[in-house]
Each structure stands twice: as C-alpha cells, then as structure tokens.
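In case you want the letters, here they are:
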Amino acid sequence: MSKPVASKSDSSTDITGNKKSERLRELLLSKLALLEGDFGSSDALPAPEYELTPRDYLRFAESELSGTTDHNLINCVGHLKRALDCQLDTFLHMFNLLQLFRKRNLKFEKKLEFLTAAGVFSSRSLARLNTIRNRMEHDYEVPKIADIESYFDLTTAFVSVLELTALLNTELGFGSRGSTKRSAGYLLVEYKIALPSIVMTWTEGDNKEVLQVEASTEIDEFAFFFRAVLLLSQKWINLTSDAYFLSQMKK
C-alpha cells in the first residue's frame, strides 16, 4: 500500500490529512471487485430491558385504528409516535450509541439524520414519515384516516428495518476473489460495541492499513463507516450487487 497506516485517533482525518471516510471510500471502490466473503460472526447485541417494545405500541395502534371515534384516531397517533421513539432508542442502545445522543441532547430529528447518513433507512421515506408526524402532532386537528394509515405503514416498515439491521455481523472477513492466500489482500471489518468504534483493516502482503473511527469524537465519519459495514454485511450474504454497493459509496 502506498498510503501510511492511520491508527486510532481523536481526529476525523488520518495522518495523510485525508478524511477517514474518503480513504475508506477509495479503498472500497478500488478493492471491491477483488473481495468475496470469507467469514462472519456476530455477538448478540444487548437489547434494552424496556417493559414495552416497539411491537407492543404497534399492536396498540392497530387496535385503535380499527375504532371509529376521534379518540381512537388520536390515540393511534400517540402509539405510533411511541413506537418510533422506542425503536430508535432500542436501535441506538444496541449499538451503544444512545448515551452519546443523550449527552449531546440530540433529539428525534438528529437521530433520523444519523440513520439517513448511515444508509439504514431511505431518506425519502424518513422525510415523509417526519412530515406526517409533525403535521399530526402540531396542527391540533383530528388526523385523517388516510394519513394515519400511511403513518402506520411507514412506522411498521421503520421498525422492521431497524430490527433486521440490528442483526448485522459485528465482524466480517473478505478475502481476494480466486485466491486462497490472505497475503493477496484481506479486509477485516469490526464493530466494537464497547467504545463504540468501527475498525477496517486492509492487509496486503506485508502491508497493513488500519482505519478506525469512534462515535464519541467522529459521529459524521462514524455514520459513513456504519453505512459501509451495513453494505459489506449485505455483500457477504450476496444480498447486494457490486453496482449497488458502488452507488452507495459515492459522494
């Protein structure tokens, strides 16, 4: 490798002066065609011990949606709001990010921005979800049934996507396609829950390049690395094409 090694740092740039996300993008774009899944493992991510879960609130909302009164409709909106908030906090808790958001007093919209940057949920769907949510919460009017049904469907999809994302592999290995030797090129991907941090290590022959970001000091860079972990997890089980992967790695 021609680039020097970038080690653990509080800075969002490596020692070449480049942003870590830019260096990771360069690395993945240049090596993607060579990579095929070698191994994957996932520790059980710790879910919070809430008395009620997002699925409980969806169940309550569905029950109210079958009612006919304004009271039922307003209650349904409240339960959907709680389902969203609970699922967001559950997801962030499982990746050890919740306290970081709370310490910085980052509210609902900032949490959604992180999910968008991390590629977890469609930005267009999130914008529509937030628009419906804000209109129903702040206009002091009885919500229309069509709006509630859209809100219910989007919230259900949101909960399902975050549930599945929480199952991603926390450690992945990719070897060079067509080669049985790791010296030909090997990518190790690690999500370290304790910090939390994400570490990408590219080894080629005797050269090793380490790119590491920590959520506490590099939240924007961390979101991009999270997007890469998610895409690599999908690639590892052949759920995404190289063309789609490359489109999501571009600026």
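Residues numbered from 1 in each chain as written. Predicted model: local features only at pLDDT ≥ 70, side-chain atom pairs only at ≥ 80, totals over all residues. Heavy atoms only, no water.

## Looking at the sheet that holds strand β4 (residues 197-204)
Under the convention used in this document: Any two strands are treated as partners once DSSP identifies two or more bridges connecting them. Working definition: helices are DSSP H or I runs of at least four residues, strands are E runs of at least two. Numbering for both runs from the N terminus. Axis definition: a line fitted to C-alpha atoms, limited for helices to the stretch in contact. Angles are taken between N-to-C directions and run from 0 to 180 degrees.
As summarised here, the arrangement of the five strands in space is β1-β2-β3-β4-β5, forming an open sheet in which the pairing is antiparallel. Strand pairing shows two members of the sheet lacking a second neighbour, β1 (35-41) and β5 (207-214), which therefore form its edges. The sheet shows a mean angle of 15° between the axes of neighbouring strands, taken without regard to direction. Pairing of strand β2 (residues 171-176) with strand β3 (residues 186-192) involves five bridges; the strand directions are antiparallel.

## Concerning helix α2 (residues 54-65)
One turn of an α-helix holds 3.6 residues; hence residues three or four places apart share an orientation. Stated formally: Each helix should span, by expectation, one fewer than its residue count multiplied by 1.5 Å. Residue burial is assigned from relative accessible area. The probe radius is 1.4 Å, only protein chains are included, and a residue is buried under 20% of its type maximum, exposed over 50%, and partly exposed in between. Any two residues whose heavy atoms approach within 4.5 Å are treated as being in contact.
Taking 1.5 Å of rise per residue, 12 residues should cover 16 Å, and α2 covers 16 Å from first to last C-alpha, within 8% of that figure. For α2, the complete set of buried residues consists of Pro-54, Asp-56, Tyr-57, Leu-58, Ala-61 and Glu-64. Those residues of α2 that are buried lie in contact with α3 (70-94) and α7 (145-165).

## Thoughts on the environment of Leu-162
Here Leu-162 lies in helix α7. For Leu-162 and Leu-88, which are 74 residues apart along the polypeptide, the C-alpha to C-alpha distance reads 8.0 Å. Those residues within four positions of Leu-162 in sequence are excluded, and the remaining contacts are Gln-87, Leu-88, Phe-91, Leu-115 and Val-120.

## So, the packing of aromatic side chains
Two aromatic rings, taken as a pair, are described by how far apart their centres are and by the angle between their planes. The condition is simple: Any two rings among Phe, Tyr and Trp, with Trp reduced to its six-membered ring, count as a pair given centres within 6.5 Å; such a pair is stacked if its planes are under 30 degrees apart, edge-to-face if over 60, and tilted if neither.
Following the criterion strictly, the structure yields 10 aromatic pairs and no others. Considering the side-chain rings of Tyr-57 and Phe-60, the 6.0 Å spacing of their centres and the 85° angle between planes classify their relative orientation as edge-to-face. Here Tyr-57 pairs with Phe-60, and both are found in helix α2, just three residues apart, close to one helical turn. Accessibility expressed as a relative area gives 16% for Tyr-57, which makes it buried. By way of ring pairs, the aromatic residues Phe-91, Phe-95, Phe-101, Phe-114, Tyr-191, Phe-222 and Phe-226 are connected into one cluster.

## A short note on the pattern of salt bridges
Heads up, the rule is: A carboxyl oxygen of Asp or Glu within 4 Å of a side-chain nitrogen of Lys or Arg is what we treat as a salt bridge.
Evaluated as defined, the whole model comprises 13 salt bridges. Note that Arg-23 and Glu-209 form a salt bridge whose closest N and O atoms lie 2.8 Å from each other. With Arg-23 in helix α1 (residues 20-31) and Glu-209 in strand β5, this pair connects stretches of sequence that are 186 residues apart. Here Glu-209 falls in the buried class, since its relative accessible area comes to 2%.

## What about the packing of α1 against helix α8 (residues 219-236)?
Quick reminder of the rule: Roughly parallel means an angle under 35 degrees; roughly antiparallel, over 145; roughly perpendicular, 65 to 115; everything else is oblique. Residues are grouped as follows: Ala, Val, Leu, Ile, Met, Phe, Trp, Tyr, Cys and Pro are nonpolar; Asp, Glu, Lys and Arg are charged; all remaining types, including Gly, are polar.
Contact pair α1 / α8: the axes reach a minimum separation of 9 Å and the direction vectors enclose 20°. When the axes of α1 and α8 are compared, the pair comes out roughly parallel. Only Glu-221, Phe-224, Phe-225, Ala-228 and Leu-232 of α8 make contact with α1, whose side of the interface consists of Lys-20, Ser-21, Leu-24, Arg-25 and Leu-28. Of the residues in the contact of α1 with α8, the class split is six nonpolar, one polar and three charged.

## What to know about the confidence of the model for the chain
The cut-off we apply is this: Confidence scores here are pLDDT values: one per residue, from the predictor, ranging 0 to 100.
When pLDDT is averaged across the chain, the result is 87; 90% of the residues are at 70 or more. In this model residues 1-10 is a low-confidence stretch, pLDDT under 50, and it forms 29 contacts with partners more than four residues away in sequence or in other chains.

## A few points about the nonpolar core
Short version of the rule: Note on terminology: a nonpolar core comprises buried Ala, Val, Leu, Ile, Met, Phe, Trp, Tyr and Cys residues joined through side-chain atoms within 4.5 Å.
Residues Leu-115, Phe-158 and Phe-226 are the most contacted members of the largest nonpolar core, which totals 69 residues. Filtering out sequence-adjacent residues up to four positions away, Leu-115 remains in contact with Leu-88, Phe-91, Val-120, Phe-121, Leu-126, Phe-158 and Leu-162.

## Some details on the pairing of β3
With five of seven residues buried, β3 lies mostly within the body of the structure. Sheet topology places β3 next to β4; seven bridges connect them, and they run antiparallel. Bridge pairing in β4 links Lys-192 to Ser-197. What sits between β3 and β4 in their antiparallel hairpin is a turn of four residues.

## Examining the packing of α3 against α7
Here is the rule we go by: Take the far helix as the reference: if the near one is turned anticlockwise from it by less than a right angle, the crossing is left-handed, and if turned clockwise, right-handed.
Contact geometry of α3 with α7 gives a least axis separation of 10 Å together with a crossing angle of 20°. When the axes of α3 and α7 are compared, the pair comes out roughly parallel. Handedness of the α3/α7 crossing: left-handed. Across from Leu-73, Cys-76, Val-77, Leu-80, Lys-81, Ala-83, Leu-84, Gln-87, Leu-88 and Phe-91 in α3, the residues of α7 making contact are Ile-145, Ile-148, Tyr-151, Phe-152, Thr-155, Phe-158, Val-159, Leu-162, Glu-163 and Thr-165.

## Comments concerning the pairing of β4
Most of β4 sits inside the fold, with six of its eight residues counted as buried. Examined bridge by bridge, β4 and β5 share eight bridges and lie antiparallel to one another. Its bridge partner lying in β5, Ile-198 is registered against Val-213. Between the antiparallel neighbours β4 and β5 lie two residues, among them Gly-205 with a positive phi of about 65°.

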